[in-house]
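Structural characterization, general
Here is what each chain is made of, one letter per residue.
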Amino acid sequence: MNVAPRTPSCPTELALEEHLARPDPAVEAHATGCARCRAWLQAAAAVEERFQAEVVPRLVPRLRQALAAAEGGAARTRARRGWLLGGLAAAACAGLAVALLPVLRQPELLAKGAGLTVYVRHGEEVRVARPGERVAPGDELRFSLAPARTCFAWVASLDAAGTVSLLAPAGGTAPVRVAGPGALPGSAALDATPGPERVFALCSPAPRPWAEVEAALRDLARRRPGAEGVRTSDRLPFPAEEQATLLLEREGR
Amino acid sequence: MAWSPAELEAICRRLGPPILRRCLGILRREAEAEDAVQEVFVRLLTHADRIPPPVEQLRWCYTIATRVCLNRLRDSAARQEAPAPDVEEQAVPPAGPEWVASRQLTARVLSQVDEDDAAVAWLVLVDGHTQEEAGALLALSRKTIGKRLARFLDAARAILGVEVP
């Protein structure tokens, strides 16, 4: 579908598609006098021919496999949810059950907050971390914020041992001024400590001292200690719109 | 719902061409577009109970294909896939909506906006739909479309450091 861009007088691509499905006299009249739209319709016919002859024979078996895999995955998810509900009722399983909560919960990135994105570099691969993302020793993290207005950012983490780590700006004494969406300078490498680690991004309209942030994290670790506390405590005592968080699950060696 | 091989082939032959055209239009790469078609069909077929009446299926598929392809573009930015060697030289994109069609620039912006904002921007800025039409396709109000478009443009301005329409 390599045709010239449409002009303002051309029908939209969707209108052309609908014309193919159900001929529209107005579109037909336009196409008669429009080289671009005639070219689009010719290209569409060529794609149709190639799809029916070449793509369908490949696509249908792949789809059957994918649907079977999806059905298997759905069955596993249902089983896991059932186990989770049972586990929540059983104190002995509580720790394992809580480990699954971040995976089954809705994404917790705060759309109206600092808009934290965590990028994980594992070897040559770079991916965006999802809530509960499993990360390995040596993985490198980068952080991107998308605040609605200029703010001053700290990115820090808390692990199950209550360790507070300043991730960005690494070793900094003042927060990073963030004028708009973008990656923060620097990165953080993960060590071999296994277990959950919660990343907090704080971005306030005025610079907030690191000591205040650190104290809030240490207080959180005291109030909600251990792995369960890290997995379930996703708020610091700052305005909601100034913070965002993401849970990572660190694998051991 | 379990699909028989014949049913599967029939729905592929009927809905596949417009989906492939949509994916080619956004992704511009045949192999990637074909993978996207498969993803669209998996979404369609695993939620068969939501498939609308035949007269509405084209628009429904078109919207799902748009979302799938924009997510793929965004993910390609996250994976730092195929970065353009001269991306820094592209700091001043061509004026007008054409810039949105540039994969590299688009991927950079999409990596910072959510799926709905991305779909709104593509439908309005690239496809040329009115905000009302985009709202109908995405099941969002005209007011929401306007807000999302403004948010997308703010993000684009901040990321690209240029004035965009």
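Residues numbered from 1 in each chain as written. Chains lettered and ligands numbered in written order. Predicted model: local features only at pLDDT ≥ 70, side-chain atom pairs only at ≥ 80, totals over all residues. Heavy atoms only, no water.

This part is about the overall build of chain B. When helices and strands are tallied, chain B shows 7 helices and 0 strands. Seen in sequence order, chain B has helices and strands lined up from the N terminus as α-α-α-α-α-α-α. Residues counted as buried form 53% of the 165 residues belonging to chain B. By sequence separation, contacts in chain B at least 24 residues apart represent 64% of the contacts at least 6 residues apart. Just so you have it, chain B exposes about 7,400 Å², and 54% of that area is on carbon and sulfur atoms. (Helix = DSSP H or I, 4+ residues; strand = E, 2+ residues; numbered from the N terminus. Buried < 20%, exposed > 50% of the residue type's maximum accessible area, 1.4 Å probe, protein only. Contact = heavy atoms within 4.5 Å. Areas by Shrake-Rupley, 256 points an atom, 1.4 Å probe, with all protein chains shown as cover.)

Right, let's talk about the state of the cysteines for a bit. Residue and element names in this part refer to chain A. Using the criterion set out here, one finds 1 disulfide over all chains in the structure. Disulfide partner of Cys-151: Cys-203, at an S-S distance of 1.9 Å. Across the S-S bond of Cys-151 and Cys-203 the torsion is about 85°, and the bridge reads as right-handed. With Cys-151 in strand S5 (residues 151-159) and Cys-203 in strand S10 (residues 195-204), this residue pair connects regions lying 52 residues apart in the sequence. Assessed through its relative accessible area of 4%, Cys-151 is described here as buried. (Disulfide = S-S within 2.5 Å.)

Tracing the chain through its elements places Glu17(A) in helix H1 (residues 13-21). Expressed as a C-alpha distance, the spacing of Glu17(A) and Leu41(A), which sit 24 residues apart in the sequence, is 8.8 Å. Contact partners of Glu17(A), with chain neighbours within four places excluded, come to Trp40(A), Pro18(B), Arg21(B) and Leu58(B).

We now examine the pattern of salt bridges. Inspection of every chain in the model, using the stated rule, returns 30 salt bridges over all chains. Among the ionic pairs, Glu242(A) bridges to Arg208(A), the shortest N-O distance being 3.0 Å. Within this pair, whereas Glu242(A) is found in the loop between helix H6 (226-232) and strand S11 (243-250), its partner Arg208(A) is found in the loop between S10 and helix H5 (210-223), the two being separated by 34 residues in sequence. The class of Glu242(A) is buried, set by a relative accessible area of 9%. Of the charged contacts, one joins Arg67(B) and Glu115(B) as a salt bridge, the two residues approaching to 2.9 Å between their closest N and O atoms. In this pair, Arg67(B) is assigned in helix H3 (residues 54-78) and Glu115(B) in helix H5 (residues 115-126), connecting sequence segments 48 residues apart. Each of Arg67(B), Asp114(B), Glu115(B), Asp116(B), Asp117(B), Arg148(B) and Arg151(B) takes part in salt bridges that share partners, so that together they form one network. (Salt bridge = Lys/Arg side-chain N within 4 Å of Asp/Glu carboxyl O.)

Listed by partner, the interface residues are 38 residues for chain A and 37 residues for chain B. Approximately 3,400 Å² of surface area, both sides summed, lies buried where chain A meets chain B, with 61% of it carried by carbon and sulfur atoms. Put simply, chain A and chain B have 8 salt bridges between them. The interface formed by chain A and chain B includes 8 residue pairs in polar contact (both at pLDDT 80 or more). Contributing elements (two or more residues each) for the side of chain A that touches chain B: H1, helix H3 (35-89), strand S1 (117-122) and strand S2 (125-128) of chain A. (Buried area = accessible area lost by both parts, 1.4 Å probe. Polar contact = N/O pair within 3.5 Å; in protein donor to acceptor, adjacent residues only side chain to side chain.)

On to H5(B), then. Residues and elements named next belong to chain B. Taking 1.5 Å per residue as the helical rise, H5 with its 12 residues ought to reach 16 Å, and the 16 Å between its terminal C-alpha atoms agrees with that figure. Across the 12 residues of H5, 10 count as buried, placing the element largely inside the fold. Of the positions making up H5, those classed as buried are Asp-116, Asp-117, Ala-118, Ala-119, Val-120, Ala-121, Trp-122, Leu-123, Val-124 and Leu-125. Where H5 starts, the residue carrying a side-chain oxygen 3.2 Å from the main-chain nitrogen of Asp-116 turns out to be Asp-114. Following H5 by one or two positions, Gly-128 adopts a phi angle in the positive range, close to 85°. (Expected span 1.5 Å × (residues − 1).)

It is worth spelling out the pairing of S2(A) at this point. Consecutive side chains of a regular strand alternate in pointing toward one face of the sheet and then the other. Residue and element names in this part refer to chain A. Relative to S2, S1 runs antiparallel, the two sharing 4 bridges. What sits directly across from Arg-121, in S2, is Val-126. Following S1, the chain reverses through 2 residues before pairing antiparallel with S2; Gly-123 in that reversal takes a positive phi of roughly 60°. (Pairing = 2+ DSSP bridges.)

The subject of this paragraph is unusual backbone geometry. The amide bond that connects Ala168(A) to the next residue, Pro169(A), takes the cis arrangement and shows omega of -5°. Secondary-structure assignment places Pro169(A) in the loop between strand S6 (164-168) and strand S7 (176-178). At Ala139(B), a position not held by glycine, the phi torsion is positive, near 60°. Of note, Ala139(B) is situated in the loop between helix H6 (131-138) and helix H7 (142-160).

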